[in-house]
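Chain by chain, the residues:
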Amino acid sequence: MTLDGLRRRTHAAVDALERLVGGLGTAVLALALLFWLFIVAVTSLAGVGLVFAPTAARAVRAVADRERARLSRWGPEIVGPEPLAPGLRAWSDPAVWREVAWLVEHATLGFVISILSLTIPLSAVQDLTYPFWWWLVPANSAPGLVFWSVHTQLDALAVGLYGVAWLAIGFFAGPWLARAQAWPGRRLLAPPPGTDLSLRIVELTATRAAALDAHAAELRRIERSLHDGAQNRLVAVSVLLGAARRAVARDPAMAVEVLERAQGAAEQALAELRTVVRGILPPVLDGRGLDGALAGLAADCGVPCRLDVELPRRCAVSVEATAYFVVAEALTNITKHSGATAAGITVRIEDQQLKISIEDNGRGGADEEAGSGITGIRRRVEAYDGSLTLTSPAGGPTTLRVELPCGS
């Protein structure tokens, strides 16, 4: 396995552990709620529990929505069902019974998977460090699955080999366990066929409208750049060439000077045209790919910038261009407004999403409504059905996280 492959595998294992820890939280909630549902169901036989039945349905929906949000952070979004009907009619919704089925599964199998996934790294840490503290435990005792008595340092080092085995198991089994835990939720909590997806349609309509607005703004920017820059330069070239043509016969020296000025104006017009072209689609993306283009942005940044990019494959050209402009605008904001002394860019492809994280150690307090450029970045991201999250407490640090769909 190459070094890059090892780093990707390590990142996947850590990412899976984070997902499983989050799954343990919702599993504990599901277990507690399942116990309460049992009490409500039993007492409903005597009519007492019927008073709490509507509240129980809302509690089931709340925990299920929490799981939907968790799963949506780690993969494709799960759209929630329509709001519950009031009173006991809430239990006539088929989606509620699908959520109860998920509740039973997640409180049992999901809980077991979470406990197992946490036991593996804890056992690895325990056994790996055992040679350093084995002499503190009572004689003839050993941790975990060790079947021999530990009397010497050599025996303790042999226990450490168990830690290596646990580490390897967690390294390779972690992502599989995370997918196994998430699969029932994605099956049972997803909207069934025929569900009214009007909210999703409204959201998509809004993002497409924002995309059209962003496109119109981009066209206006290009028009202004051409009109105020290259067009004026070319007009100046035309005027200077006419003056040079008239001066050739009567004053050749002046004609040469005018031609030199015309050449300078033409070169400036060409430079401005190249700038406009780079603003439409940076040529560096074709030649060096997104990782190379971002390396150029990081090198040119006015703040020392750390770059960490792992891209096992190319994304669509439009997605790469959006990512490039997002990073460029974010670094410009950091240089101009943050007062930071260091910045960092992390780019990964995970779960068919291009994930970008841009951090700085500046003063924080970035406000999207204060003309900081964040609104423009958000519109550009949402035009591709992506998401943007800004965290910028007063005093810093500031973190901008962007996710763009890049499925193959």
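Remember, it's a predicted structure, so these values are computed and weren't measured experimentally.

**Q** Looking at this model, I keep getting lost on a nonpolar patch on the surface. Mind explaining?
**A** A cluster of nonpolar side chains, namely F35, F38, I39 and V42, defines an oily patch on the protein surface of about 410 Å² accessible area. In this structure, F35 sits in helix α1 (residues 3–44). On the accessibility criterion, F35 (56% relative accessible area) is exposed.

**Q** Any chance you could explain the packing of helix α8 (residues 317–338) against helix α9 (residues 374–382) here in plain terms?
**A** Angle between the axes and distance between the axes: these two values describe a pair of packed helices. Axis separation between α8 and α9 bottoms out at 10 Å; the angle between their running directions is 170°. With respect to each other, α8 and α9 are oriented roughly antiparallel. Across the interface between the two elements, T322, F325, V326, E329, A330 and N333 from α8 touch I374, I377, R380 and V381 from α9. For the contact of α8 with α9, the per-class residue count stands at six nonpolar, two polar and two charged.

**Q** How should I be thinking about the pattern of salt bridges in this particular structure?
**A** For the structure on display, the rule yields ten salt bridges. Residues D65 and R68 are paired through a salt bridge, measuring 2.7 Å at the closest nitrogen-oxygen approach. Of this pair, D65 and R68 are both found in helix α2 (residues 53–73), three residues apart, which corresponds to roughly one turn of the helix. Among the salt bridges present, the one from E310 reaches R348, with a minimum N-O distance of 3.8 Å.

**Q** Teacher, can you tell me more about the sheet that holds strand β1 (residues 305–310) here?
**A** Across a sheet, strands are paired by hydrogen bonds formed along the backbone, either parallel or antiparallel in direction. Sheet architecture is open: five strands sit in the order β1-β2-β3-β5-β4, paired in mixed fashion. Each end of this open sheet is capped by a strand with a single partner; those strands are β1 and β4 (387–391). Along the sheet, successive strands turn relative to each other by an average axial angle of 10°, direction set aside. Bridge analysis of strand β3 (residues 353–360) against strand β5 (residues 398–405) gives eight bridges, and the strand direction is antiparallel. Paired with D360 across the strands is T398, a residue of β5. Strands in contact with α9 are β4 and β5; relative to β4, the strand with the most contacts, it is inclined by about 155°.

**Q** Honestly, the UniProt feature "transmembrane region" (unreviewed entry) in the chain in this entry has me stumped. Any pointers?
**A** Here the UniProt-annotated "transmembrane region" (unreviewed entry) positions come out as residues 20–53, 100–120, 132–150 and 156–178. Measuring from the first to the last C-alpha atom of residues 20–53 gives 31 Å, for a span that is 76% helix and 0% strand. Along residues 156–178 the backbone is 100% helical and 0% strand, and the end-to-end C-alpha distance reaches 32 Å.

Calculation notes
Residues numbered from 1 in each chain as written. Predicted model: local features only at pLDDT ≥ 70, side-chain atom pairs only at ≥ 80, totals over all residues. Heavy atoms only, no water. Patch = residues over 30% accessible without salt bridge, like charges linked within 9 Å, V, L, I, M, F, W, Y side chains within 5 Å. Areas by Shrake-Rupley, 256 points an atom, 1.4 Å probe, with all protein chains shown as cover. Salt bridge = Lys/Arg side-chain N within 4 Å of Asp/Glu carboxyl O. Helix = DSSP H or I, 4+ residues; strand = E, 2+ residues; numbered from the N terminus. Buried < 20%, exposed > 50% of the residue type's maximum accessible area, 1.4 Å probe, protein only. Axes fitted to C-alpha atoms, helices over the stretch in contact; angles between N-to-C directions. Parallel < 35°, antiparallel > 145°, perpendicular 65-115°, else oblique. Contact = heavy atoms within 4.5 Å. Nonpolar A, V, L, I, M, F, W, Y, C, P; charged D, E, K, R; others polar. Pairing = 2+ DSSP bridges. UniProt positions renumbered as here; feature names shortened; annotations may be inferred.

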